[in-house]
Amino acid sequence: MKVGLWSVLLVIVFTQSVTCNYGELAGHQIWKLDGKESAVPVRLLNEGLLDVLDDSAQSPQVRVAPRDVKKVQGILQKEGLSYEVLVHDLAAHFKAVDENERRRRDVSEDSRTCNETYCPLPLTEDYMTLEQMEWYLQELNETYPELVSLSSIGKSHEDRDIWLVHIRSDNASAKSVWIEGGLHAREWISPAVSLGLIENLVNDENMMKNFDFFIAPMANPDGYEYTWTTNRMWRKNRRLNSNHNCDGVDLNRNWDYYYGTGASSNSCSEVYKGTSAFSEPETHALSQAMEKEKDNLILVLSLHSYGQDLLYPWGWSHTVDVPNKAELINAGKVFANGAKNRYGKTYSVINSAGGLYYASGATDDWAYGVLGTEYVYTLELRDDGMRGFKLASDDVKPSMEEVWDGFQKLLEHIA
Ligand code: 0X9
Ligand code: ZN
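Just so it is clear, the model here is predicted, and its values are computed rather than measured.

S.K.: Would you take a moment to explain the site of ligand 1 for this structure?
M.R.: In the vicinity of ligand 1 there are 17 residues, among which Arg235, Arg253, Tyr357, Asp364 and Glu380 approach most closely. Within the side chain of Arg253, a nitrogen or oxygen atom sits 2.8 Å from an oxygen atom of ligand 1. Asp364 places a side-chain nitrogen or oxygen 2.7 Å from a nitrogen atom of ligand 1. For ligand 1, the protein covers 98% of the area, taking 420 Å² as the surface of the free molecule. Every element with two or more residues in the shell around ligand 1 is listed here: β9 (297-305), α10 (352-356) and α11 (363-371).

The following block contains the structure:
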């Protein structure tokens, strides 16, 4: 009897702890819009009226908060755009998805809990909490003292460390590769794949012959923590803006290159650019650390989700081409072919602004335009829209594997 009661309580505690990050999403709807060519979704995104989830798809999917449903309906009607409601209540939808996942995997809260001496590190099997990631990085540092150095390159708005992993080459003329993960909080697959790349790299001597690697797997720790505790769909950092109804800055609109031309000045927007370029401690820390390596950098890869696209610059303009556009497409296809081999997933090589949407102040444009790095991409990871940001944990391992495959081919090509 006692055992029975405990199991009921444990299930309740577990269910509550994994679903409390949906509270703010009650009544939020997901709509599929007609009209890929329309500029309306991005206009409404800038105005803070909706959240564009995947604009590369044939029919863009957007999230609309209950307070904005009527207003957005009216605007779409006026613009002659139709839509279909895919999800009526995102909180209820996510709970149902979790319930299925829980039945399938029988995850226990123990698999997430660290104590002073032990921390479970699922790595390829599940998304890790921030605590688990930090534990993993410390262990990595201790296990490979010759090869790896771990340093904090700065602090987030809420005073968390932004970690940089340096995996050293013993070749003095090696070029450097920079990988950024987790800039957008809800894109959980991004830090997961970044850690997967680290794990593969430290076990592969070949790659170190030609390249030095700098990897910041968790560029937005406050936002990530917030997606675990409070709002699973949080994208921005945790800056408290002067308008307290709407906090956060989009860290991929805050870099100092064509800052503000394709971003929002409205703090309620998911693409709010902040008060000035590099106003945010996270982008400030990342850019300073990148500057130090700039003379040697050959590749900058910023990991995001979702869409399965490899985006090349520019993002600030779709009429101006980068000088080495043909080679970026060529090398991008080498990545995509490599990534397709194992599981048949297609990654499309497209221009940021033309193929996705016009947006400035992102890591990629800054690395290309200011640092002058030759190969620069934003990689939008799995999936193609079925699960979106709520990608199941059984996608973690195959995502890591296919990106590793593509990444190796890309580096062979660059070398
Ligand atoms: O909008 C973004 O910041 C990226 N897409 S995401 O869905 N992960 O938010 C794409 C950024 C592409 N690069 C530029 N526009 N410069
Ligand atoms: Zn992103």
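The discussion continues.
S.K.: Quick question: what am I supposed to make of the state of the cysteines here?
M.R.: Covalent bonding between the sulfur atoms of two cysteines defines a disulfide. For the coordinates displayed, the defined rule picks out 2 disulfides. Cys114 shares a disulfide with Cys119; S-S distance 2.1 Å. No difference in accessibility class separates Cys114 from Cys119, as the two residues are buried. Through a disulfide, Cys246 is tied to Cys268; the S-S separation comes to 2.0 Å.

S.K.: Looking at this structure, how should I read the pattern of salt bridges?
M.R.: A pair can form between side chains of opposite charge whenever their charged atoms are brought close. Counted by the stated rule, this structure contains 23 salt bridges. The salt bridge partner of Lys390 is Asp98, with a shortest N-O separation of 2.9 Å. With a gap of 292 residues between them, Lys390 in the loop between β12 (375-381) and α12 (396-414) and Asp98 in helix α4 (residues 90-105) connect regions that are remote in the sequence. Overall, the relative accessible area of 14% leaves Lys390 in the buried class. For Arg102, the salt bridge goes to Glu99, with nearest N and O atoms at 3.0 Å. Placement of both Arg102 and Glu99 in helix α4 is noted, with a separation of 3 residues, approximately one turn of the helix. Salt bridges sharing partners connect three or more residues here, namely Asp51, Arg63, Arg186 and Glu270.

S.K.: For this particular structure, what's the right way to read the packing of aromatic side chains?
M.R.: The relative placement of two aromatic rings is captured by the distance of their centres and the angle of their planes. Across all of its chains, the model carries 21 aromatic pairs by this definition. For the pair Phe213 and Phe407, a centre-to-centre distance of 6.1 Å together with 50 degrees between the ring planes defines the contact as tilted. Placement of Phe213 in strand β8 (residues 211-216) and of Phe407 in helix α12 is noted, with a sequence separation of 194 residues between them. Here Phe213 matches Phe407 in class, with each residue buried. Consider the rings of Phe335 and Tyr347, whose centres lie 5.8 Å apart with planes at 85 degrees: the pair is edge-to-face. One end of the pair, Phe335, is in helix α9 (residues 325-343); the other, Tyr347, is in the loop between α9 and β11 (348-351), and 12 residues separate them in sequence. Tyr347 carries the same exposure label as Phe335, and that label is buried. Three or more aromatic residues joined by ring pairs form one cluster here, namely Tyr257, Tyr258, Trp314, Trp316 and Tyr368. Positioned over the ring face of Trp188 is Arg232, at 3.7 Å from the centre of the ring.

Conventions we followed
Along every chain, residues carry numbers that run from 1 in the direction the sequence is written. All chains are assigned letters beginning at A, and all ligands numbers beginning at 1, according to the order in which they are written. A pLDDT threshold of at least 70 governs which residues receive local features in this predicted model, and a stricter bar of 80 or more applies before side-chain atom pairs are shown or counted, although totals over entire chains, interfaces and linings include all residues. Working from all heavy atoms in the structure, the side-chain values ignore hydrogens and water. Here, proximity means that at least one heavy atom of the residue falls within 4 Å of the molecule or strand. Counting of polar contacts relies on pairs of N or O atoms within 3.5 Å, with two restrictions inside protein: one atom must be capable of donating a hydrogen and the other of accepting it, and residues adjacent in sequence are counted only when both atoms are side-chain atoms. Accessibility throughout is a Shrake-Rupley quantity obtained with a 1.4 Å probe, and a residue counts as covered only by protein chains that appear here. For helices the rule is a DSSP run of H or I covering at least 4 residues; for strands it is a run of E covering at least 2, with both sets numbered from the N terminus onward. Throughout, disulfides are identified as pairs of cysteine sulfur atoms within 2.5 Å of each other. The cut-offs for exposure are 20% and 50% of the maximum accessible area for each residue type, with area from a 1.4 Å probe on protein chains only; residues under the lower value are buried, those over the upper are exposed, and the others partly exposed. A pairing counts as a salt bridge when a side-chain nitrogen of Lys or Arg comes within 4 Å of a carboxyl oxygen of Asp or Glu. Aromatic contacts are taken between Phe, Tyr and Trp rings whose centres are within 6.5 Å, Trp giving its six-membered ring; a plane angle under 30 degrees counts as stacked, one over 60 as edge-to-face, and the others as tilted. When the NZ atom of lysine or the CZ atom of arginine is within 6 Å of a ring's centre and also within 35 degrees of its normal, the charge is said to sit over that ring.

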